[in-house]
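Geometric and topological summary
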Amino acid sequence: MTAADVAIADLDDDELADCLVGMAGQLAAMTCRFLDALAAFDARGGWCGVGIRSCAHWLSWRCGTSLRTGQEQVRVAGALQELPLLHKAFAEGRVSYSKVRAVSRVAEPDTEAELVEVAMTKPASHLERLCAGLAKVGSDDGEPESVTSTGRWRWQDEGTLKVTLTLTAVDGARFLAGVTRAEYERVRTGDGTDVDGWSGAPSDIAAAMVVLAERACAELAAPAIAPHAEVVVERRPDGRARLADGPALSAVEESELRCGAAESERTVDGAGAVLNWGRTRRAPTVLQTKALSRRQNGCCGVPGCGRRRFLHVHHVRFWSDGGATDLANLVLLCGEHHRLLHRGELSIEMIGGQRFRYLDGDGHELVDAPTMRFDSQELWPFHSIDADAILPNWGGEPLDVGYATWVLMTEWERRRELSAAA
């Protein structure tokens, strides 16, 4: 009779310890299989869909992981495909996910052999310190050039705004700190513990910079003599709209702007003279906004999104088409889904009682978490792993991180020199 045939409460301490060690090896092997499947899924772009921001976001939606955990899993899954020795040890249940995560941050195909050996003989805490030291030693410590902070902007022919910044180290650090805070506020869905990409500043900072600008517009009063301190849409005699002192607007862009609450509209003649200043579009009252937030639990209404910050109040039946500013016609949307809606890649249907259906561009309803369509055990049958595979061959000696780092770096440098000479 095996441990699986009896209740956990009936196992003595030694049996329970053996059971835990064996299951840890099985977990490692199955995690490796999971990450292999994830790498293939990510490479195919299988996670792409309306409002799905990343593969990690898909994992959060469909597999129940936190966004931060999902991002790390995607990173490790990709790294494993380039590290065959680490992958083999992981698949055989001989190294844990914690060890694989640490090694995959610094290992390369020509350096992984020594790191896998350390992973199989030392505890995870020792390995993590070693890998952190190797990452620090291998970093570029070059002296940055001295620069003066400058910035330029200009409207381009295709109607986009191009911004170019060159910042000193100090100004750059302040800028990235602000952008990172803005990105944190933009993407967080709860108390801040599950944020996609919260390990540092986002690689694409455009959305975060827009958030910074929106925050400034909302919190800082604009002087009457500052013509660029608000978004102004000009209506030409031919009915077309353009930004004041800026490019013409497409129908989608105009629709998106008219759905906002911080834009003004003015009518001009053929020579550009102002004929009439229109009113700022009608916005919901504070009480209506509070009621909306309570109805949607403070989240974007699109199933699976969960964003709580910088939400837009959207008229399901557009205000420009006569839609009323009342709770039966209003929903909260994050900026990304709001833009997708105006592009026609998302639609909303009212079903009565202040309830709504959200549809993708093909008319399929979006739901919070679709049910599983197969038995995962049938797809990935459990396989045999040695009961003690996960146990490291550790003699009890603590790892001298400094000495180990020196030995590894020296050996790798010698190997590279020999390879170059050959």
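Throughout what follows, the structure given in this document is the object of discussion. (Residues numbered from 1 in each chain as written. Predicted model: local features only at pLDDT ≥ 70, side-chain atom pairs only at ≥ 80, totals over all residues. Heavy atoms only, no water.)

1. Digging into the packing of aromatic side chains
Within the structure shown, the criterion is met by 2 aromatic pairs. Centre to centre, the rings of Phe 41 and Trp 58 are 4.6 Å apart; their planes meet at 50°, and the pair counts as tilted. With Phe 41 in helix H1 (residues 13-44) and Trp 58 in helix H2 (residues 55-63), the pair connects residues that are 17 residues apart, well separated along the chain. The aromatic ring of Trp 61 is capped on one face by Arg 62, whose charged end is 5.8 Å from the ring centroid. (Phe/Tyr/Trp six-rings, centres within 6.5 Å; stacked < 30°, edge-to-face > 60°. Helix = DSSP H or I, 4+ residues; strand = E, 2+ residues; numbered from the N terminus. Lys NZ or Arg CZ within 6 Å of the ring centre and 35° of its normal.)

2. Some remarks on helix H14 (residues 401-421)
End to end, H14 covers 30 Å across 21 residues, agreeing with the expected 30 Å (1.5 Å per residue, within 8%). Along H14, the residues that are buried comprise Ala 404, Thr 405, Leu 408 and Trp 412. Each buried residue of H14 sits inside an arc of 100° when the element is viewed along its axis, so together they form one side. The exposed residues of H14 that point more than 90 degrees off its buried face are Tyr 403, Trp 406, Leu 418 and Ala 421. (Expected span 1.5 Å × (residues − 1). Buried < 20%, exposed > 50% of the residue type's maximum accessible area, 1.4 Å probe, protein only. Arc of directions from axis to C-beta.)

3. Considerations on the pairing of strand E9 (residues 346-352)
Two faces make up the sheet, and in a regular strand the side chains alternate between them. Across 6 bridges, the pairing between E9 and strand E10 (residues 355-360) is antiparallel. Bridging from a neighbouring strand, Glu 349 pairs with Arg 357 of E10. (Pairing = 2+ DSSP bridges.)

4. Regarding the pairing of strand E1 (residues 150-155)
Two strands pair when backbone bridges link them, and E1 and strand E2 (residues 161-166) are joined in this way by 6 bridges, in the antiparallel orientation. Bridge assignment links Trp 153 to a residue of E2, and that residue is Val 163. As consecutive antiparallel partners, E1 and E2 are separated by 5 residues, and within that stretch Gly 159 has a phi angle of approximately 95°, a positive value.

5. Some remarks on the nonpolar core
Formed by 37 residues in total, the largest nonpolar core has its most connected members in Leu 35, Phe 90, Val 103, Leu 115 and Leu 130. Contributing elements (two or more residues each) for this core: H1, H2, helix H3 (67-80), helix H4 (84-91), helix H5 (97-106), helix H6 (112-121), helix H7 (124-137) and H14. Ignoring anything within four residues of it in the chain, the contact list for Phe 90 reads Ala 28, Ala 29, Thr 31, Cys 32, Leu 35, Leu 80, Val 95, Ser 96, Tyr 97 and Val 100. Core analysis: the next-biggest nonpolar cluster, separate from the first, contains 14 residues, Cys 300, Val 316, Cys 334 and Tyr 358 among them. (Core = buried A, V, L, I, M, F, W, Y, C linked by side-chain atoms within 4.5 Å. Contact = heavy atoms within 4.5 Å.)

6. Some points on the pattern of salt bridges
Where charged atoms from two side chains of opposite charge approach closely, those side chains can pair. A full pass over the atoms with the stated rule returns 10 salt bridges. For Glu 92, the salt bridge goes to Arg 94, with nearest N and O atoms at 2.7 Å. Note on Arg 94: relative accessible area 27%, which makes it partly exposed. Among the ionic pairs, Arg 415 bridges to Glu 411, the shortest N-O distance being 3.5 Å. Taken together, the residues Arg 415 and Glu 411, both in helix H14 and 4 residues apart, mark about one turn of the helix. Counted as one network, the salt bridges with shared partners bring together Glu 114, Glu 411, Arg 414 and Arg 415. (Salt bridge = Lys/Arg side-chain N within 4 Å of Asp/Glu carboxyl O.)

7. Quick look at unusual backbone geometry
The backbone of Asn 297 shows a phi angle near 60°, a positive value even though the residue is not glycine. Tracing the chain through its elements places Asn 297 in the loop between helix H11 (286-295) and strand E7 (311-315).

8. Focus: the packing of H6 against H7
Think of two packed helices as two axes; the pair is described by the angle between the axes and how far apart they sit. Packing of H6 against H7 brings their axes to within 10 Å, and their N-to-C directions diverge by 155°. Of the possible angle classes, the one that applies to H6 and H7 is roughly antiparallel. Contacts from Leu 115, Val 118 and Ala 119 in H6 reach Leu 127, Leu 130 and Leu 134 in H7. Of the residues contributing to the contact of H6 with H7, the split by class is 6 nonpolar, no polar and no charged. (Axes fitted to C-alpha atoms, helices over the stretch in contact; angles between N-to-C directions. Parallel < 35°, antiparallel > 145°, perpendicular 65-115°, else oblique. Nonpolar A, V, L, I, M, F, W, Y, C, P; charged D, E, K, R; others polar.)

9. Notes on the environment of Ala 56
Among the secondary structure elements, Ala 56 is positioned in helix H2. When the C-alpha positions of Ala 56 and Leu 67 are compared, they lie 5.8 Å apart, and in sequence the two are 11 residues distant.

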